[in-house]
Amino acid sequence: MNDITKLDNRLSIERSDPGRRAVRFNNLLKAKEALPAGLVRKSPPKLPELSELDVVRHYTGLSKINFSIDTHFYPLGSCTMKYNPKINEEAAALEGFANLHPLAHDKTSQGTLEMLYDLEKRLCALCAMDAFTLQPAAGAHSEFTGLLIAKAYFAKRGEDQRVDIICPDSAHGTNPATASMLGFNTINIKSGPDGRVDPADLKAHLGDKTAVLMLTVPNTLGIFESRIEEIAEMAHKAGALVYMDGANFNALIGIVKPGDLGVDIMHINAHKTFSTPHGGGGPGAGGIGVRRRLEEFLPVPRVILEDGIYRTDFRCPDSIGKVKAFFGNVGVLTRAYAYLLMHSKKELAQISENAILNANYMKSRLQNIYPAHSGDYCMHECVLTPPAALAAKGLKTLDIAKRLLDYGFHAPTIYFPLIVHEAIMIEPTETESRETMDSFIEAMLKINDEGAANPQLLKDAPHTMPVKRLDEVQAARQPNLRW
Amino acid sequence: MFIANTQKDREEMLRTIGVSSIKDLLKQVPEKFIYPDFSLPETSLDEQQTARRMKTLAAANTPHLSFIGAGAYERYIPAAVKSLISRGEYLTAYTPYQAEASQGILQTIYEYQSSVCALYAMDCANASMYDGASAFGEAVRAAVRITGKKKVLCQETLNPQYLTTLKTYFSNSSDYHFITIPARDGIMDADKLAALLGPDTACVAFQTPNFFGLMEDAPKISEMAHKAGALVVAAADPASLGLFIPPGDYGADFAVGEGQSLGLPLSYGGPYLGIFACKKEYVRQMPGRIAGMTKDKDGKRGFVLTLQAREQHIRRDKAASNICSNEALCALSATIYLALLGPEGLKELARANSAAAAFTAEKLSGVKGAKLKFKGQFFNEFVLEVKGDAAELREKVLIKEHIDIGLPLKDLYPALGPGALLVCATETKTEADILRLVKALGENI
C-alpha cells in the first residue's frame, strides 16, 4: 500500500470517455420487433464508457489498495480469516459445475447432487446431526432458517405460546436480529464473571414461553461453555430447543461434536470453518443441521438418493418452504467440499488444534501488556483490552487498531463482544505461522511503547494508508451513496 | 493441510504458553466430549486427487444445449470479469470494517451502488442481498414496515421461487394477507388490481418481465397503486433494462432484481446477487450494508460503510434486517460487467436477448403441435404450448437429442394445462442452436 502519491482514486465514471467500448454482442438474430412505446427505456443509464484496458487497469488498481488474506495477516476475531486454498477456486470454476442451471433436470445434475449429498453427510458426521440443509446463503440466513424450523416445530406441537428466544449478552447481533425478524422476543441473559452462561440466571428465564436457547459455542469471548450439558438439559426440560451458532465451529471441528453437547439445531459457515473466501463481505454459504425430530421441517428441495440416482425432493409437506430461490450458494459449497476432501478425520482435528494453539500463543505473549478478559485458556480466539497506561492517556482500542494497519496487519475485531469494554478480539486461525504471529505480537508491543511515548502518533494513525482516518460522521449526516 | 506450524513450532509454542500438550488447553471442555469417533474418512486426498475427483463430479453433470431460464439465465461472461474477480486482493478480503485498509472494496461497492441506481433509475441502492428472491422479500418487508399496513398484493405470475421465499420472510406474524392479483392473457389483470386495491394495501409487489417472460404494464400498475396510497415494489431483470423502462421511471418505491443476469455463472442456483434499491426517503429502511463517500482528515476523498445504525451489529433486535454477510464479490463482478458493457453494450445485450427469444418463438410457432400461449410483449423467454405433456416431451428430447427444451409449467400453474413450457433464449444462443431445438421439437411432438 505504498505509492500513495500515485494513487488514482477516480471513479470508473470519471474515467469514462463517451464512445469508448469494451464488450460487444454481434449475434443479433433477425426477428420482428415492435416494442410498445410506453415500455421502452427513454434515456440510457449513466454507466461508464471504457475500453477493456481501462476497466482492467481501474479494478486492478483498486485491488491494490485493499488488505486481504492473500496479502496480509487478518486476525479478525469471529470471522475465521484462514487461508482460502486455490484448488477450491479451480474446482468451483469447472464448467460442469459453473454452467449447471438450477432447474436442470436431475438426470443431468448428478455430479452436483452427489457432491451436495455427500457434503451433507459429512457435515452430519462432523456435527452429530441427523440431517442438513445447505440452502441458506450465509450465517445470519442460516439462523433465520434454523429459527423458522423451530417455529414450525412448535406450531405443529400446538405450542405457539413459545415466543421467547434466550441469548447471552455476548451473542452476535445477528441472533437477536433474526429472532425479531421471526416475531420472537429476545431475552438477554447476563454472562457470569467468567464469561459463561450462569445456569442460575438461565433457570430464572426458562419457562413454557421459551422456544429456543441460542448459544455460540465456544462463545464470542473464545471460551467454551463448560456446563453446556447441564444448560442444554435445563432447556430441554423446559421444553425448549437448543440452537448453536456455529460461527466459532473452527474451534471444535474434528474434536467435539455439537450434537453430543445437546444441540438440536446448529449452523455452519462455509466461509469461516470450511475455507471458502469472504469476497469482501460475501458470498458465504450457510447450512443448518438438525436432529431427527426436526428434519421434516427443513427447506425444499432436499437431495435424496433413490435407486442409485440422486434426486431433488419436494415431497415434504411440513417443510418451512424456501429461504431463497433455488438450492443455495452451491458455488461456495463446491469449494467447501473440495476442502473437506483434503482432510481426513485426523487432519480435521488438526485444524481446531492448531487454531486453539495459535490463539493461546498470541494470548500468552500479549496478555501481560494487553490484559485478557478471561484468565482461562482460550479456544480459537481471545479477547484482550488496551493497556491501562494507554487508556490513561486517552487512547482507545480504535487508535491501536488503526496503528496496526501501518505495520501491515489488518486489525482484529474491535468493540465486540459488547460486554467487554474496548474489546480487541484476535483470531489468528490455524493457517498462520508462528513467525507471522511473532511479528504481529512485536507490532502490538511496539504500539504500546509508541502510545506511551507519543499518544498523538496513534490518534493520527493510520499514516501509511491511501487515506487518513475517514470522517464517518459526515458520511452518515450527508450521505453520498452514488455518482 | 494448510497448517504452517511444524512439530518444532508447536512444541516451542506450547512451552511459551506453559503447557505440555494441546489437550492441556482444552481443560474447559468436559473430557467425555473430546475426541469422539467420527464416521468420516480415515484418509484424505492430496491436491491432485482432489482435482481429479472434482473433475469427475463436474463431468457427471451433463448440461446439454439448454433453453431453461425461469429466474436464472445463461450468460456469456467476459474474460476480464473472471480475471479481475479472481484477484486474491478482492477474493480473500473481508467486509471492509477497517475502511483505510479497504478503500479498494469500498470504492467498488460505491460504484456498484451507483451502477444499480443508474440502471434502475433509483435514488439509492445497498451493497447487495443474497439473491433476487430474498431481496424481494426484504423489499416487501420494508414496504409493510413503512406503511404499517398488512395487506400485500402480489401478481399471479410472480416467480414461484420468489413467492415461497416471500412467505418465509413474513413468518413473524400471521396477520399478513397476501392476495394474488389474477392474470389475464399472462399479465396482471388491471381490473382485478383496481378491485383489490384499498386504503389497507401496503404495497403492490410484482416482477417484470414476469415469470412467463411477459412485460407487465408497469407504469399503469404503479400509477394505480400510488393512487390508492400503496407502495410499489418492482422486481426487474437487470439485463432487460437496456431496452425496457426502468422502475424509477414509473415511480417504484423499491426496485429489486436478480443480479445473476449481470454476468454471473449459473452454478446450480448460487451464489447470485440480490439487487436492492429504493427512493431516497426510504434509505434508512434499507437492509444490509451501504458504502458512502466521505473525506479523510486531510480532506481527501475516501469511502466508508455508513448509516450502520440500521444494522444488526448496532441495533440488534431493532435492526432493519439480520443480514450480515452479503454477496460482495458477485456485486463486484456485476459492476465490472456493467463497466465493460457500458450503456451501449447493455442495450446490445438486451436486444440480443430479445431478438434470440423472438426468433425462437417465431420458428417454434411454425412447428406442428406447438403454438405461443400468450400474445404479449416478452423479453427473453415465453410460454409455448405443445401438444401432449410438456414434461414427457422434455424427458424424451433430453434423452434422444441432448437438448433441454425448457421448463414444463404444469406443476406450478396447472391451469395452463399439461402442454405449457417456458422456453428461454439468451444472447448465448446462436441461430444453429435454435434451429436444433426447432428440429427436435418438430420430430418429437
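Scoring rules and cut-offs
- Residue numbers restart at each chain and count upward from 1, following the sequence in its written direction.
- Both sets of labels track the order of writing: A upward for chains, 1 upward for ligands.
- Where local features are concerned, this predicted model is filtered to residues with pLDDT of at least 70; where side-chain atom pairs are given and counted, the filter is 80 or more; whole-chain, interface and lining totals use all residues.
- The helix count covers DSSP runs of H or I at least four residues long, the strand count covers runs of E at least two residues long, and both are numbered beginning at the N terminus.
- All radius of gyration figures rest on C-alpha atoms, and the globule criterion is 2.2 Å times the number of residues raised to 0.38.
- For the exposure call, what matters is how many other C-beta atoms sit within 10 Å of a residue's own: 20 or more marks it buried, 12 or fewer exposed, and in between partly exposed, using C-beta atoms placed from the backbone.
- Contact between residues is assigned whenever the C-beta positions, reconstructed from backbone atoms, fall within 7 Å.
- Only Asp, Glu, Lys and Arg are considered charged in this grouping, and only Ala, Val, Leu, Ile, Met, Phe, Trp, Tyr, Cys and Pro are considered nonpolar; every other residue, Gly among them, is considered polar.
- For two strands to be treated as a pair, DSSP must find no fewer than two bridges joining them.
- With strands facing away from the observer, any crossover in which the path from the first strand over the helix to the second runs clockwise is taken as right-handed.
- Where each domain begins and ends is defined by an automated method or by a domain database.
- Note on method: axes are straight lines fitted to C-alpha atoms, helices fitted across the in-contact stretch only, with angles between N-to-C directions ranging 0 to 180 degrees.
- Scored from 0 to 100, pLDDT records how confident the predictor is in each individual residue.
- The cut-offs work like this: below 35 degrees is roughly parallel, past 145 is roughly antiparallel, 65 to 115 is roughly perpendicular, and the gaps in between are oblique.
- If you view the pair so one helix is near and one far, a crossing is left-handed when the near helix is turned anticlockwise from the far one by less than a right angle, and right-handed when it is turned clockwise.
- A set of buried Ala, Val, Leu, Ile, Met, Phe, Trp, Tyr and Cys residues, joined to one another through C-beta atoms within 7 Å, is what we call a nonpolar core.

Caption draft 1: A look at the overall build of chain A. Along its length, chain A carries 15 helices and 12 strands. Rg of the C-alpha trace for chain A: 25 Å, near the compact-globule value of 23 Å for 483 residues, within the 12% margin. By residue count, 60% of the 483 residues in chain A fall in the buried class. Partitioning the contacts of chain A with sequence separation of at least 6, the portion at a separation of at least 24 is 73%.

Caption draft 2: A look at the overall build of chain B. Regarding its fold elements, chain B presents 13 helices and 17 strands. At a minimum sequence separation of 6, the contacts of chain B that also span at least 24 residues come to 73%.

Caption draft 3: Broad picture of the interface of chain A and chain B. Chain A puts 177 residues into the contact, and the matching count from chain B is 170 residues. The element that contributes the greatest number of residues to the side of chain A that touches chain B is helix α10 (residues 345–366) of chain A, accounting for 12 residues. Tallied by class, the residues present in the side of chain A that touches chain B amount to 87 nonpolar, 51 polar and 39 charged.

Caption draft 4: Inspection of the pairing of strand β5 (residues 241–245) of chain A at higher detail. Residues and elements named next belong to chain A. Counted residue by residue, β5 has 5 buried out of 5 residues, so it is predominantly covered. The alternating pattern of β5 places Leu241, Tyr243 and Asp245 and Val242 and Met244 on opposite faces, both of which are buried. Of the strand pairs in this sheet, strand β4 (residues 210–216) and β5 are connected by 5 bridges, and their pairing is parallel. Bridging across to β5, Leu215 finds its partner in Met244. Since β4 and β5 lie parallel, the crossover through helix α8 (residues 228–237) that links them has a hand, and here it is right-handed. As paired elements, β5 and strand β6 (residues 265–267) share 2 bridges and run parallel to each other. Bridging across to β6, Met244 finds its partner in Met266.

Caption draft 5: Spotlight on helix α7 (residues 160–168) of chain B. Counting buried positions over the 9 residues of α7(B) gives 7, a clear majority of the element. Contacts made by the buried residues of α7(B) are with α5 (139–156) of chain A together with α6 (132–147), β3 (151–155) and β7 (201–208) of chain B.

Caption draft 6: The environment of A:Pro18, seen in detail. Its location among the elements puts A:Pro18 in the segment before α1 (52–63). Separated by 32 residues in the primary sequence, A:Pro18 and A:Leu50 place their C-alpha atoms 8.1 Å from one another.

Caption draft 7: Quick look at unusual backbone geometry. Of the consecutive residues A:Val217 and A:Pro218, the connecting peptide bond is found in the cis state with omega at -15°. A cis geometry characterises the amide bond from B:Gly270 onward to B:Pro271, with omega recorded as 5°. Non-glycine residue A:Phe326 carries a positive phi angle of around 60°. Residue position: A:Phe326 is located in the loop between β9 (309–313) and α9 (330–341).

Caption draft 8: Structural detail: the domain arrangement of chain B. Residue and element names in this part refer to chain B. Domains assigned within chain B are domain 1 (65–76 + 342–444) and domain 2 (79–337). The straight-line distance from the C-alpha centre of domain 1 to that of domain 2 is 28 Å. The interface is formed by 25 residues belonging to domain 1 together with 22 residues belonging to domain 2. Of all the secondary-structure elements, those providing two or more residues to the side of domain 1 that touches domain 2 are α11 (328–364) and β14 (381–386).

Caption draft 9: Geometry of the sheet that holds β4(A). All names here are of chain A. Spatially, the 7 strands line up as an open sheet ordered β1-β7-β6-β5-β4-β2-β3, and their pairing is mixed. Of all the strands in the sheet, the pair left with one neighbour each is β1 (131–133) and β3 (185–189). In this sheet, adjacent strand axes meet at a mean angle of 20° when their direction is disregarded. The strands touched by α5 are β1, β4, β5, β6 and β7 (288–290); relative to β6, the strand with the most contacts, the crossing angle is about 165°.

Caption draft 10: View of the confidence of the model for chain B. Of the residues in chain B, 100% reach a pLDDT of 70 or more, and the chain-wide mean stands at 96. Note on the complex model: pTM 0.97, ipTM 0.97.

Caption draft 11: Molecular detail of the environment of B:Thr306. Note on placement: B:Thr306 falls in the loop between β12 (301–305) and α10 (312–315). Separated by 16 residues in sequence, B:Thr306 and B:Ile290 place their C-alpha atoms 5.7 Å apart. In contact with B:Thr306, not counting residues within four places along its chain, are A:Glu472, A:Ala475, A:Ala476, A:Pro479, B:Ile290, B:Ala291 and B:Gly292.

Caption draft 12: Here's a closer look at the domain arrangement of chain A. Residues and elements named next belong to chain A. The domains assigned to chain A are domain 1 (87–341) and domain 2 (351–465). When each unit is reduced to the centre of its C-alpha atoms, the spacing between domain 1 and domain 2 is 31 Å. Listed per partner, the contact involves 18 residues of domain 1 and 17 residues of domain 2. When grouped by side-chain class, the residues that make up the side of domain 1 that touches domain 2 number 8 nonpolar, 8 polar and 2 charged.

Caption draft 13: Just the pairing of strand β8 (residues 231–236) of chain B, in detail. All names here are of chain B. Of all 6 residues in β8, 6 are buried, a share of seventy percent or more. Of the two faces of β8, both are covered, the one formed by Leu231, Val233 and Ala235 as well as the one formed by Val232, Ala234 and Ala236. Once you follow β7 into helix α9 (residues 218–227) and on to β8, the crossover reads as right-handed. Direction of pairing for β8 relative to strand β9 (residues 254–258): parallel, over a ladder of 3 bridges. Bridge assignment links Val233 to a residue of β9, and that residue is Phe254.

Caption draft 14: Layout of the sheet that holds strand β10 (residues 382–384) of chain A. Residues and elements named next belong to chain A. If you trace the 3 strands from one edge of the open sheet to the other, you get β10-β12-β11, paired in antiparallel fashion. Each having just a single partner strand, β10 and β11 (413–414) make up the two edges of the open sheet. Bridge analysis of β11 against strand β12 (residues 424–426) gives 2 bridges, and the strand direction is antiparallel. What sits directly across from Thr413, in β12, is Met425.

Caption draft 15: Examining the packing of α5(A) against helix α6 (residues 174–181) of chain A more closely. All names here are of chain A. Where α5 meets α6, the closest approach of the two axes is 9 Å, and the angle between their N-to-C directions is 45°. Considering their axes alone, α5 and α6 lie oblique with respect to each other. Crossing hand, α5 versus α6: right-handed. On α6, the residues that touch Gly139, Ala140, Glu143, Phe144 and Leu147 of α5 are Thr174, Asn175, Thr178, Ala179 and Met181. The residue inventory of the contact of α5 with α6, partitioned by class, reads 5 nonpolar, 4 polar and 1 charged.

Caption draft 16: Highlighting the environment of B:Ala70. Its place among the elements puts B:Ala70 in the loop between β1 (65–66) and α3 (79–85). With 259 residues separating them in the primary sequence, B:Ala70 and B:Leu329 have C-alpha atoms 24 Å apart. For B:Ala70, the contacting residues outside a window of four places in its chain are A:Leu103, B:Leu407 and B:Leu422.

Caption draft 17: Geometry of the nonpolar core. Counting residues in each nonpolar core, the largest one holds 316 residues, and the members touching the most others are A:Ile149, B:Cys203, B:Ala277 and B:Leu421. Per-element accounting of this core gives the leading share, 23 residues, to α11(B).

Caption draft 18: How the structure looks around the packing of helix α2 (residues 86–93) of chain A against helix α2 (residues 47–60) of chain B. Taken N-terminus to C-terminus, the directions of α2(A) and α2(B) make an angle of 15°; their axes are 10 Å apart at the nearest point. Classified by the angle their axes make, α2(A) and α2(B) are roughly parallel. The two elements α2(A) and α2(B) meet at a crossing, and its hand is right-handed. Residues A:Ile87, A:Glu90 and A:Ala91 of α2(A) touch α2(B), and the partners they reach there are B:Glu47, B:Thr50, B:Ala51 and B:Met54. Here the contact of α2(A) with α2(B) is composed, by residue class, of 4 nonpolar, 1 polar and 2 charged.

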